[in-house]
Amino acid sequence: MSDLHFERGDCLKVALIYLSNYKDWPMGGMLNYINNIIPTLCDSEKMEVDIWGGTRGKERNENFYIGNREFILNRYTSFYTEHKILPNFVLSFFGALLNSFKFRKYDVIYSQTSATTIALKITHPFKKVIHHQHGFSYKDRPGIPRKMLCFGHLIAQKLADATLFVASDKEVNEHRKQHRCLKNKHFYTIGSPINYKYIHDRMLNTKTKKTNVTRFVYTGRIDEWKNIELMIEAFDLFMKSGYEGELTIIGDGPLLEKIKHKVDGLQCCDNICIAGRKDFNEIVEYLCRSDVFLFPTKGEGVSLSLLEAFSAGLPAVVFNVKGVTEFVKDEISGVIVEKMTICDYMNGMIKILMLYENMQDNCIEIASRYESNIIANKIIDIILKEFS
């Protein structure tokens with residue numbers, strides 16, 4: 001069927017659906033991930049892609065921009081930005097369910113959330129539905145949200161014709177072994193897409209003077225899961241131990257004001273800059289003027305921040321957690337800290353002082369594999385393969 005489809009000169013009709021306005025929600029890596037691949041997906045000569053998403057509350061539906069390019073947003077639901085896991089799952093599920101008739105015209109549905117995968121596979125059982133799973137860090141989150149996420153993702157993976165995992169082959173194989181119902185499902189591992197060439201070129205054109213002060217930087221969401229408070233306390237201990245350093249924290253999130261207040265009470269407050277939310281170009285500028293990336297997260301599904309730091313030649317100090325050690329190899333592209341304590345993280349910061357300059361080329365080589373065009377074309381190949 002697919003061969004005839006292409007012989008007629010038509011494109012494969014694909015619906016990309018994600019609970020997002022593709023502008024400012026959700027914050028962080030997952031939004032950057034999808035926006036990094038959309039231009040290449042839409043430029044494919046073999047696919048005609050429509051973008052489906054949501055709006056915040058009662059906001060009016062608007063198109064969105066990636067760079068200077070405008071994209072049409074087809075609305076299927078609304079979403080909340082506070083206390084969001086359960087209500088957003090329900091909104092996304094029923095939004096997709098009630099609008100399911102609008103997806104009849106598509107050959108393939110490329111779904112970024114478990115709610116939409118479940119709803120659209122139930123309503124279109126004979127249509128190809130490809131689920132995109134952003135890692136396994138949800139398994140480590142505490143309480144009821146973790147249990148709900150695990151159940152929802154498992155059902156989506158079971159119903160979907162194929163699942164694309166942003167995870168390592170090892171993690172995906174272990175996951176399959178843990179759930180016998182997934183034994184014969186089509187699973188693919190893919191990476192996180194970044195603007196590697198742009199960041200790397202900016203790094204090569206940025207002149208920074210070598211000093212005795214180590215310039216640490218963090219970029220990402222400011223929340224409890226990212227361990228920002230631990231990072232700040234470790235930096236404070238680093239400074240009290242007689243080392244010289246500067247720490248720049250870039251990002252936004254629910255703990256931003258708390259972090260600002262905490263920093264104000266530290267002896268090293270003058271050495272910590274909380275830059276807040278910055279656009280991509282500004283983030284790249286900060287990365288290119290830094291030496292080491294601090295990334296104390298408890299786990300990741302999408303490690304865009306880490307790979308962007310690698311693109312600028314910055315090795316990272318990390319904990320031994322999911323979604324991170326796939327990229328960070330101890331004393332090769334960073335330092336892995338085994339115990340999640342302030343003292344141990346501080347020791348990791350000290351350890352990297354003598355190593356980071358020799359790690360830069362390793363970091364750059366790793367990041368070069370994840371240029372957004374490479375990842376997007378891999379996704380296109382999988383979609384075409386599954387449809388055929």
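Check the entry above for the structure.
Heads up: these notes are all about the structure in this document. Nothing here was measured: the structure is a model prediction, and the numbers come from that model.

Looking at the side chain of His175
So, step 1. When you line up the elements, His175 lands in helix 6 (residues 169–178).
So, step 2. Excluding residues that lie within four positions of it along the chain, His175 makes contacts with Phe136, Tyr138, Lys139, Gln157, Phe165 and Leu182.

Let's talk about the sheet that holds strand 9 (residues 186–189)
So, step 1. In space, the seven strands of this open sheet follow the order 5-2-1-6-7-8-9, with parallel pairing throughout. With partners counted over all chains shown, the strands left at the sheet margins are strand 5 (73–79) and strand 9, one partner each. Put simply, the sheet's adjacent strands are angled 20 degrees from each other on average, direction ignored.
So, step 2. Examined bridge by bridge, strand 1 (residues 12–17) and strand 6 (residues 108–111) share four bridges and lie parallel to one another. By the bridge assignment, Val14 is partnered in strand 6 with Val108.
So, step 3. Strand contacts of helix 6: strand 8 (162–165) and strand 9, with the helix running at about 155 degrees to strand 9, the strand carrying the most contacts.

Some remarks on the environment of Phe319
So, step 1. Within the element layout of this structure, Phe319 appears in strand 14 (residues 316–319).
So, step 2. What makes Phe319 buried here is its relative accessible area of 1%.
So, step 3. For the pair formed by Phe319 and Thr219, sequence separation is 100 residues and the distance between their alpha carbons is 16 Å.

Overview of the layout of surface pockets
The probe, sized like a water molecule, is rolled over the atoms to show the empty space still left.
So, step 1. One number sums up the size of the second largest pocket: a volume of about 340 Å³.
So, step 2. Lining the second largest pocket are 20 residues, with Met203, Thr208, Cys288, Ser290 and Gln360 sitting closest to its centre.
So, step 3. For the lining of the second largest pocket, the elements supplying multiple residues, two or more each, are helix 7 (196–204), helix 10 (280–288) and helix 13 (356–368).
So, step 4. For the lining of the second largest pocket, the element with the most residues is helix 13, which contributes five residues.
So, step 5. Classifying every residue of the lining of the second largest pocket gives eight nonpolar, five polar and seven charged.

Regarding the nonpolar core
So, step 1. Core analysis: the biggest nonpolar cluster contains 99 residues, and Tyr110, Phe310 and Tyr345 have the highest contact counts within it.
So, step 2. Not counting the four nearest positions on each side in its chain, Tyr345 is found in contact with Leu230, Met231, Ala234, Leu294, Phe295, Pro296, Val317, Val318, Phe319 and Val337.
So, step 3. With 18 residues, the next largest nonpolar core counts Ile17, Tyr76, Ile109 and Leu120 among its residues.

With respect to the packing of helix 7 against helix 13
So, step 1. As a packed pair, helix 7 and helix 13 sit with axes 10 Å apart at the nearest point and diverge in direction by 155 degrees. The orientation of helix 7 relative to helix 13 falls into the category roughly antiparallel. Handedness of the crossing formed by helix 7 with helix 13: left-handed. Counted together, Tyr196, His200 and Met203 of helix 7 and Ile364, Ala367 and Ser368 of helix 13 form the full contact between these two elements.

Section: helix 4 (residues 114–123)
So, step 1. Summarising burial for helix 4: eight of the ten residues are buried, a large majority.
So, step 2. When we look at burial in helix 4, the residues that qualify are Ser114, Ala115, Thr116, Thr117, Ile118, Ala119, Leu120 and Lys121.

So, the pattern of salt bridges
So, step 1. Going through the model one piece at a time under the given rule, you end up with 20 salt bridges.
So, step 2. The salt bridge involving Glu331 is made with Lys351; its shortest N-O contact spans 3.1 Å. Remark: Lys351 occurs in helix 12 (residues 342–353) and Glu331 occurs in the loop between strand 14 and strand 15 (334–337); sequence separation between them is 20 residues.
So, step 3. Classification of Lys351 by relative accessible area gives partly exposed; the value is 32%.

Concerning empty space enclosed by the protein
So, step 1. Applying the stated criterion to the full structure yields two cavities of 30 Å³ or more.
So, step 2. By volume, the largest cavity amounts to about 50 Å³.
So, step 3. Lining the largest cavity are eleven residues, with Val166, Ala167, Gly301, Glu326 and Phe327 sitting closest to its centre.
So, step 4. For the lining of the largest cavity, the per-class residue count stands at five nonpolar, five polar and one charged.
So, step 5. Taken together, the residues that form the lining of the second largest cavity break down as one nonpolar, two polar and four charged.

Points about a nonpolar patch on the surface
So, step 1. A surface patch of nonpolar side chains, about 300 Å² in accessible area, is lined by Val90, Phe94 and Leu98.
So, step 2. You can see Val90 is positioned in helix 3 (residues 85–98).
So, step 3. Given the relative accessible area of 36%, Val90 is considered partly exposed.

So, how was this worked out
Residues numbered from 1 in each chain as written. Predicted model: local features only at pLDDT ≥ 70, side-chain atom pairs only at ≥ 80, totals over all residues. Heavy atoms only, no water. Helix = DSSP H or I, 4+ residues; strand = E, 2+ residues; numbered from the N terminus. Contact = heavy atoms within 4.5 Å. Pairing = 2+ DSSP bridges. Axes fitted to C-alpha atoms, helices over the stretch in contact; angles between N-to-C directions. Buried < 20%, exposed > 50% of the residue type's maximum accessible area, 1.4 Å probe, protein only. 1 Å grid on protein atoms, 1.4 Å probe; cavity = no way out; pocket = protein on both sides within 12 Å on 5 of 7 lines; lining within 4 Å. Points joined across faces, edges and corners; volume = space filled by probe spheres on them. Nonpolar A, V, L, I, M, F, W, Y, C, P; charged D, E, K, R; others polar. Core = buried A, V, L, I, M, F, W, Y, C linked by side-chain atoms within 4.5 Å. Parallel < 35°, antiparallel > 145°, perpendicular 65-115°, else oblique. Left-handed = near helix turned anticlockwise from the far one by under 90°. Salt bridge = Lys/Arg side-chain N within 4 Å of Asp/Glu carboxyl O. Patch = residues over 30% accessible without salt bridge, like charges linked within 9 Å, V, L, I, M, F, W, Y side chains within 5 Å. Areas by Shrake-Rupley, 256 points an atom, 1.4 Å probe, with all protein chains shown as cover.

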